Amino acid sequence: MKHILLITTRSIYRRSGEQRLIQNRADALRELYGVDTSFIAFTDKKKFNDKSTLLRDFEVETIYFENFFDIISKYLFFIKRIKVKVKTKKYDCIILSGFFLTNIAKTIKKIDKNAFIVADIHGTIKELIEFNPGFKRSLLYLMLSNYEKKMLRYVDDIFVVTNELKQMYLNKTKKEISAHIIPCALENKDYNYKQVMKYRKKWRAEFGVSDNEILFIYSGGNSPWQSIDEAYNIFSVFKKKYSESKFLIMSNSAIDVKYEDVIYRSFSADKVFEVLFAGDVGFLIRSNSLTNKVAFPNKYLEYVRANLEIISTPYLSDISKEIKNENIGMILDKEDSFNPEELFFKINHREYKNELKRRRKICDKYNFNKTLSNFVQEIKTKNKEKQDETGTNM
């Protein structure tokens, strides 16, 4: 079995977008290609949870720090443990995911100049200063930008989530590297039209939504880039025209602002799959920023699968193009460009069953069996090259 070592400074013990991408990708590599993944993580003790069921089926070693004064000594121990792992086991690939990993990439190459290293990039670090600027964050941004640029010297490939992100990072390096576009695919869920209609009926009844009412859904947190205020304003415009409509906010985060006529609920990841089928419209509003331009929110494919008309903006570059090309929602170019009559027409003049099938095909394009295939083939190719060089089986 091929074996990957994933080195990370990300939070892997709490369910989040970045955790789901790491987990789902590792699951797919094992199940689809027989490629196993071991993890070594460096994290704050506050984010460490030894009872977490996330990644429970994988080998995971965690080094955590307890306070600011503890960071350097624990980070040095983190590097020491990585050296031991790389020296004692021949990994087919080493993935670096997170920040402050430049020295680790350099160290690995010193140990094994032929090590196949991949940088796992989920977005732009400019997020640090785009939504919550300040002196400390600006200083951290400059530091991370420098580290990131240096790290690219030592990596062979990069994982990215959109074409925009791919181009941005290829432009950052003079070295010839391969870029694999691998957004977070949906978990495998077996469903059909009959099951979907049961979910739809069940949850609409739970929320007190009648058959002739239109249900808008916002699924996410309260981060500034998720634009929950804008979503509510759009809903309000629609409701003035079509009073038989309701708004469901699904969030595990505390929503500070309490809106009128809104249903607030929190659900586990498994339940979200069912609940989304209750809706008619899903919000994916983003502002004009680099963070959004290169992003691929996990909820996008969840909305597509749930047969929701997706209201978005042009600033999610790859996604907005697909929404428009596939006619699966509305792209609002300006604040006042929302047309409630157009949305009402789209919802009431589509064949739900056929649209459900079409949406499944759109989601299938992002399946890991498609997006990971070139990467897995590259592992095999590099493994063979090593064998040819050494004349031994590895």
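Residues numbered from 1 in each chain as written. Predicted model: local features only at pLDDT ≥ 70, side-chain atom pairs only at ≥ 80, totals over all residues. Heavy atoms only, no water.

1. Notes on the pattern of salt bridges
Pairs can form between side chains of opposite charge once their charged atoms are near each other. Evaluation of the coordinates by the stated rule reveals 28 salt bridges. Of the charged contacts, one joins arginine 10 and glutamate 18 as a salt bridge, the two residues approaching to 3.2 Å between their closest N and O atoms. We classify glutamate 18 as partly exposed; its relative accessible area is 28%. The salt bridge involving arginine 25 is made with aspartate 120; its shortest N-O contact spans 2.9 Å. Highlighted residues: arginine 25 in helix H1 (residues 17–33) and aspartate 120 in strand S5 (residues 117–120), separated in sequence by 95 residues. Accessibility expressed as a relative area gives 3% for aspartate 120, which makes it buried. One network of salt bridges, in which partners are shared, links Glu309, Glu322, Glu326, Lys346, Arg350, Glu355, Arg358, Arg359 and Lys365. (Salt bridge = Lys/Arg side-chain N within 4 Å of Asp/Glu carboxyl O. Buried < 20%, exposed > 50% of the residue type's maximum accessible area, 1.4 Å probe, protein only. Helix = DSSP H or I, 4+ residues; strand = E, 2+ residues; numbered from the N terminus.)

2. Description of the sheet that holds strand S8 (residues 214–219)
Taken in spatial order, the six strands make up an open sheet running S10-S9-S8-S11-S12-S13, and their pairing is parallel. Two strands in the sheet have a free side with no partner beyond their single neighbour: strand S10 (262–265) and strand S13 (329–331). Strand-to-strand twist of the sheet, defined as the mean angle between neighbouring strand axes without regard to direction, takes the value 20 degrees. As paired elements, strand S11 (residues 281–284) and strand S12 (residues 309–312) share four bridges and run parallel to each other. Within S12, the residue paired with valine 281 across the bridge is glutamate 309. Across the face of the sheet, helix H7 (residues 193–207) comes into contact with S8, strand S9 (245–250) and S10 while running at roughly 110 degrees to S10. (Pairing = 2+ DSSP bridges. Axes fitted to C-alpha atoms, helices over the stretch in contact; angles between N-to-C directions. Contact = heavy atoms within 4.5 Å.)

3. Some words on the confidence of the model for the protein
The predicted model of the protein averages 91 in pLDDT, with 96% of residues at 70 or higher. Here helix H16 (residues 373–390) stands out as the element of the protein with the lowest mean pLDDT, 85, in contrast to S12, whose mean of 98 is the highest. (pLDDT = per-residue confidence, 0-100.)

4. Some words on the packing of aromatic side chains
If you walk through the whole model with that rule in mind, you get 28 aromatic pairs. A cation sits over an aromatic face here: lysine 299 above tyrosine 218, 5.1 Å from the ring centre. (Phe/Tyr/Trp six-rings, centres within 6.5 Å; stacked < 30°, edge-to-face > 60°. Lys NZ or Arg CZ within 6 Å of the ring centre and 35° of its normal.)

5. Focus on the sheet that holds strand S6 (residues 157–160)
Read across the sheet, seven strands follow the order S3-S2-S1-S4-S5-S6-S7 without closing on themselves; strand pairing throughout is parallel. For this open sheet the edge positions go to strand S3 (59–65) and strand S7 (178–181), each flanked by a neighbour on one side alone. Neighbouring strand axes in the sheet, compared pairwise and without regard to direction, differ in orientation by 20 degrees on average. Direction of pairing for S6 relative to S7: parallel, over a ladder of four bridges. Paired with phenylalanine 159 across the strands is histidine 180, a residue of S7. Strand contacts of helix H6 (residues 163–170): S6 and S7, with the helix running at about 165 degrees to S7, the strand carrying the most contacts.

6. Observations regarding the nonpolar core
Judged by nonpolar contacts, the single largest core of 74 residues is most densely connected at Ile7, Phe78, Leu96, Ile104, Ile108, Ile158 and Tyr300. The dominant element in this core, judged by the number of residues it contributes, is helix H2 (residues 71–88), at five residues. Non-local contacts of tyrosine 300, meaning those with residues more than four positions away in its chain, are made with Leu284, Ile310, Ile319, Glu322, Ile323 and Ile328. Counting residues in each nonpolar core, the second largest holds 25 residues, with Ile95, Ala185, Phe375 and Ile379 among its members. (Core = buried A, V, L, I, M, F, W, Y, C linked by side-chain atoms within 4.5 Å.)

7. Comments concerning helix H8 (residues 228–241)
Helix length check: H8, at 14 residues, gives a terminal C-alpha distance of 21 Å against a target of 20 Å (1.5 Å per residue), a fit within 8%. The set of residues buried in H8 consists of Ile228, Ala231, Tyr232, Ile234, Phe235 and Phe238. End-on, the buried residues of H8 take up no more than an arc of 160 degrees, which puts them together on one face. In this structure, the buried side of H8 is in contact with S8, S9, S10, S11, S12 and helix H13 (340–348). (Expected span 1.5 Å × (residues − 1). Arc of directions from axis to C-beta.)

8. Some details on the state of the cysteines
Overall, the coordinates contain zero disulfides when judged by the stated rule. Cysteine cysteine 93 shares no disulfide, and the gap to the nearest cysteine sulfur, in cysteine 184, comes to 18 Å. Here cysteine 363 is not disulfide-linked; the sulfur of cysteine 184 is the nearest cysteine sulfur, at 12 Å. On the accessibility criterion, cysteine 363 (7% relative accessible area) is buried. (Disulfide = S-S within 2.5 Å.)

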